[in-house]
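# Structural overview for review
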Amino acid sequence: MMEEELLKVLVNGIAYKSATPEKILVDFSSPNIAKELHVGHLRSTIIGDTTCKIFEFMGNEVLRVNHVGDWGTQFGMLTASLFDEYPDFMDKKPNLGELKLFYQKSKERFDKDEEFKKKSHENVVKLQGGDPKITEAWKYLCDISRKEFQLIYDRLDIKLQEVGESFYNPFIPSTIKFLEDKGIIKIDKGAKVIFVPKQKTPLIAQKTDGGYSYDSTDLAAIRYRFMDLKCNRLIYVTDIGQELHFKLIFEAAKMAGWHIPPKTRTDHMGFGLVLGEDGKKIKTREGKSEKFMDLLDEAADRAYKQLAERKKESSAIAALSEEELKQSAERIGMASIKYFDLKQNRISNYPFSYTKMLDPKGDTALYLLYAYARLDSILRKAGIDQAKALDLSLIHICRCRRYAVCRSRWSPYH
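Residues numbered from 1 in each chain as written. Predicted model: local features only at pLDDT ≥ 70, side-chain atom pairs only at ≥ 80, totals over all residues. Heavy atoms only, no water.

### Here we look at unusual backbone geometry
Cis rather than trans, the peptide bond between P261 and P262 has omega equal to 0°. The backbone of K198 shows a phi angle near 70°, a positive value even though the residue is not glycine. Position of K198 among the secondary structure elements: in the loop between β5 (191-194) and β6 (203-206). (Helix = DSSP H or I, 4+ residues; strand = E, 2+ residues; numbered from the N terminus.)

### What to know about the packing of helix α3 (residues 74-85) against helix α4 (residues 99-112)
The interhelical angle for the contact between α3 and α4, taken along N-to-C directions, is 100°, at an axis separation of 9 Å. Between α3 and α4, the interaxial angle falls into the category roughly perpendicular. Contacts between α3 and α4 involve Q74, M77, L78, S81, L82, D84 and E85 from the first element and F102, Y103, K105, S106, K107, R109 and F110 from the second. (Axes fitted to C-alpha atoms, helices over the stretch in contact; angles between N-to-C directions. Parallel < 35°, antiparallel > 145°, perpendicular 65-115°, else oblique. Contact = heavy atoms within 4.5 Å.)

### Some details on the pairing of strand β2 (residues 61-66)
Within β2, 5 of the 6 residues are buried, which leaves the element mostly enclosed by the surrounding structure. With 5 bridges connecting them, strand β1 (residues 23-27) and β2 associate as parallel partners. Along β2, the bridge assignment pairs V26 with R64. One ladder, built from 2 bridges, connects β2 with strand β3 (residues 161-162); its direction is parallel. Across the sheet, residue V65 finds its bridge partner in β3, namely Q161. (Buried < 20%, exposed > 50% of the residue type's maximum accessible area, 1.4 Å probe, protein only. Pairing = 2+ DSSP bridges.)

### What to know about the packing of α3 against helix α5 (residues 114-128)
Direction vectors running N to C along α3 and α5 enclose 110°, while the axes themselves pass 7 Å from each other. Classified by the angle their axes make, α3 and α5 are roughly perpendicular. Of the two possible hands of crossing, α3 and α5 adopt the one that is right-handed. Across the interface between the two elements, F75, G76, M77, T79, A80, S81 and D84 from α3 touch F116, K119, S120, N123, V124 and L127 from α5. Residues that form the contact of α3 with α5 fall into these classes: 6 nonpolar, 5 polar and 2 charged. (Left-handed = near helix turned anticlockwise from the far one by under 90°. Nonpolar A, V, L, I, M, F, W, Y, C, P; charged D, E, K, R; others polar.)

### Things to note about the sheet that holds strand β4 (residues 186-188)
Two modes of strand pairing occur in sheets, parallel and antiparallel, and in both the strands are linked by backbone hydrogen bonds. Sheet architecture is open: 3 strands sit in the order β4-β5-β6, paired in antiparallel fashion. Only two strands of the sheet have a single neighbouring strand rather than two, namely β4 and β6. Looking at each pair of strands side by side, their axes are set apart by 50° on average, direction ignored. Sitting on the sheet, helix α9 (residues 214-228) is in contact with β5 and β6, with an inclination near 85° to β6. Here helix α10 (residues 243-256) sits on the sheet and contacts β5 and β6; the angle it forms with β6, its principal contact strand, is near 65°.

### Structural notes on the packing of aromatic side chains
Any two aromatic rings considered together are summarised by their centre-to-centre distance and by the angle between their planes. If you walk through the whole model with that rule in mind, you get 15 aromatic pairs. Between F167 and F171 the ring centres are 5.6 Å apart and the planes differ by 75°, which places this aromatic pair in the edge-to-face class. Residue classification places F167 among the partly exposed residues on the basis of a relative accessible area of 35%. On the accessibility criterion, F171 (30% relative accessible area) is partly exposed. With a centroid separation of 5.0 Å and an interplanar angle of 85°, the aromatic rings of F352 and Y354 are classed as edge-to-face. Across the pair, Y354 and F352 agree in class, each one buried. Three or more aromatic residues joined by ring pairs make a cluster, and in this case those are F167, Y168, F171 and Y224. One residue, R223, lies across the ring of F178, its end atom 5.1 Å from the ring centre. Here the guanidinium or amino end of R310 rests over the ring plane of Y370, the centre of that ring lying 4.7 Å away. (Phe/Tyr/Trp six-rings, centres within 6.5 Å; stacked < 30°, edge-to-face > 60°. Lys NZ or Arg CZ within 6 Å of the ring centre and 35° of its normal.)

### Examining helix α8 (residues 172-181)
For α8, the set of buried residues is I172, T175, I176 and L179. Projected onto a plane normal to the axis of α8, the buried residues spread over an arc of 95° and lie on a single side. For α8, the secondary structure elements touched by its buried residues are α7 (165-168), β5, β6, α9 and α10. Remark: G183 follows α8 within two positions and exhibits a positive phi of approximately 75°. (Arc of directions from axis to C-beta.)

### Remarks on the environment of Y372
When you line up the elements, Y372 lands in helix α15 (residues 365-381). Along the sequence, Y372 and I14 sit 358 residues apart, while their C-alpha atoms lie 18 Å from each other.

Read these as geometric descriptors, not functional statements.
Below, the structure is given as structure tokens:
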């Protein structure tokens, strides 16, 4: 009965549960340790979080995975620099300030100093071998980045579980052996590779020098996610430029028997770039990528200025304390960034505009928030308890015209 369905919506809210709930892993955000989150991470973080919310709303078990870049040759360089500059590191932990500056300084030295480069490579081997001293330094560097990332995630109310590249490193040798035993891996110029049908570019499971690559980690990860976590579906949220890479990974997983469609499903949720209003990549005055945190700060600052200007014409805003004004500006700024990104075509590049994003009259989060606040104010001034306002007994379905008229104590039809 239509009346019964409408009553369910009014009483319980909108619900759309999957007939067969699945275990879905969404891989998103994924910044690199020792580097800042920049504007390029904006879309992955927001689209990924929203995707998770949709599947959670539908009653699925959703794993929100932050596949951070916390492993690799750069940590040999960083740990070598750390012990050179702070020889008493094990007894007294230094305050490195911005880890990005420390990384840049270490990279410059790595490119110019052959002796330092040699020491960096030695530290990579030690880290992979579990050397206690180098491992302690690696953990310290990861913790600094982790705290910086969390500041941004907290402001956007993003929930993630960090499972970085280092987690999968122990699984790589057994993954490669499994693929060798299945006859999937071939030797090409000394490297162990996988040739996927109809694709010219192979996956490099193991490099000529015996080292592992980005491909190695993702092969171990997809095996673990399907075979150990028993996920039904994997969704990778990255820029559209990585589409071929994940196509190869997905096909290799099929060849290995880990991914068995339609029993399991994989998706690469690619997205376009965030550009400046001039149609070019967003850059700072120094020509560097815009920091994610700076983007959030600017949105909150502009929202604050708008609220401050409206104090003269709105008694409600004028009644807010300075702290309440800042809190409101923060909420408006964060909501505006999310909404502005989500309203775009996912696979297209789009120009980022604070003016359009914070337009109180356009298709923006600010307009929706103002509309909601105004409706709430009208009901409050009318002395209506919204929780008890709707009289469900007055609902009547007019079948002849195929629409429902909802009447309540505050309805104009009453």
